[in-house]
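Examining the three-dimensional arrangement
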Amino acid sequence: MRDCIEYSASSVDEVCGLIVDDRRLFRCTNIHPTPSVNFRIRDDDWIAAESVGEVTAVFHSHPAGYLYLSAADRAMQVITGIEW
């Protein structure tokens, strides 16, 4: 949890990562064209995370401060089949 909070505070843009094995944050690069309000994880980052363990959740920040999933987040959570 601390790693997620510190990572979120490191940027004014959305940061993103993957939770590996339910316990480790794997930091990813946000490649979305509008990173201030969206995120996209690089395929290479996802593959690298999978090489160190099972990806069990997607993590990203909301710089605007709200602590709930947006409608788009919820839709992607269903598509990916893992926690967000």
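There is about 390 Å³ of room inside the largest pocket. Every element with two or more residues in the lining of the largest pocket is listed here: α1 (2-8) and β3 (55-60). Residues that form the lining of the largest pocket fall into these classes: 12 nonpolar, five polar and no charged. Reported here for the second largest pocket is a volume of approximately 290 Å³. Residue lining of the second largest pocket: 18 residues in total, with F39, R40, D73, M76 and W84 positioned closest to the centre. Of all the secondary structure elements, the ones that give two or more residues to the lining of the second largest pocket are β3 and α3 (71-80). Ranked by residue count, the leading element in the lining of the second largest pocket is α3, at four residues.

Right, let's get into the sheet that holds strand β2 (residues 24-28). Spatially, three strands are ordered β2-β1-β3 in an open sheet, and the strand pairing comes out antiparallel. Each edge of the sheet is formed by a strand with only one pairing partner; in this case those strands are β2 and β3. Ignoring which end each strand starts from, the neighbouring axes of this sheet average 30° apart. Taken strand by strand, helix α2 (residues 43-52) contacts β1 (16-20), β2 and β3, and its axis lies near 155° from that of β2.

Mapped onto the fold, T56 is located in strand β3. If we ignore the near neighbours within four places in the chain, the residues touching T56 are I19, V20, D21, D22, I82 and E83.

Quick look at the nonpolar core now. C16, L18, V20, F26, C28, F39, I41, A49, V55, V58 and I82 form the largest nonpolar core, which has 11 residues in total. Tallying contributions element by element places β1 first for this core, with three residues. Ignoring anything within four residues of it in the chain, the contact list for A49 reads L18, V20, F26 and V55. Grouped together as the second largest cluster of nonpolar side chains are seven residues, C4, Y7, V15 and I19 included.

All right, on to the packing of aromatic side chains then. Taken as a whole and judged by the stated rule, the model has one aromatic pair. Ring centres of F39 and W84 lie 5.6 Å apart, and the angle between their planes is 55°; on these two criteria the pair is classed as tilted. Taken together, the residues F39 in the loop between β2 and α2 and W84 in the segment after α3 connect sequence positions 45 residues apart. The exposure class assigned to F39 is buried, which follows from its relative accessible area of 15%.

Relative to the elements of secondary structure, I31 occurs in the loop between β2 and α2. Among the residues examined, I31 registers a relative accessible area of 40% and is labelled partly exposed. In this structure, the C-alpha to C-alpha distance between I31 and R42, residues 11 residues apart in sequence, is 6.5 Å. Here I31 is in contact with R40, I41 and R42, once residues within four sequence places are set aside.

Cut-offs and rules
Residues numbered from 1 in each chain as written. Predicted model: local features only at pLDDT ≥ 70, side-chain atom pairs only at ≥ 80, totals over all residues. Heavy atoms only, no water. 1 Å grid on protein atoms, 1.4 Å probe; cavity = no way out; pocket = protein on both sides within 12 Å on 5 of 7 lines; lining within 4 Å. Points joined across faces, edges and corners; volume = space filled by probe spheres on them. Helix = DSSP H or I, 4+ residues; strand = E, 2+ residues; numbered from the N terminus. Nonpolar A, V, L, I, M, F, W, Y, C, P; charged D, E, K, R; others polar. Pairing = 2+ DSSP bridges. Axes fitted to C-alpha atoms, helices over the stretch in contact; angles between N-to-C directions. Contact = heavy atoms within 4.5 Å. Core = buried A, V, L, I, M, F, W, Y, C linked by side-chain atoms within 4.5 Å. Buried < 20%, exposed > 50% of the residue type's maximum accessible area, 1.4 Å probe, protein only. Phe/Tyr/Trp six-rings, centres within 6.5 Å; stacked < 30°, edge-to-face > 60°.

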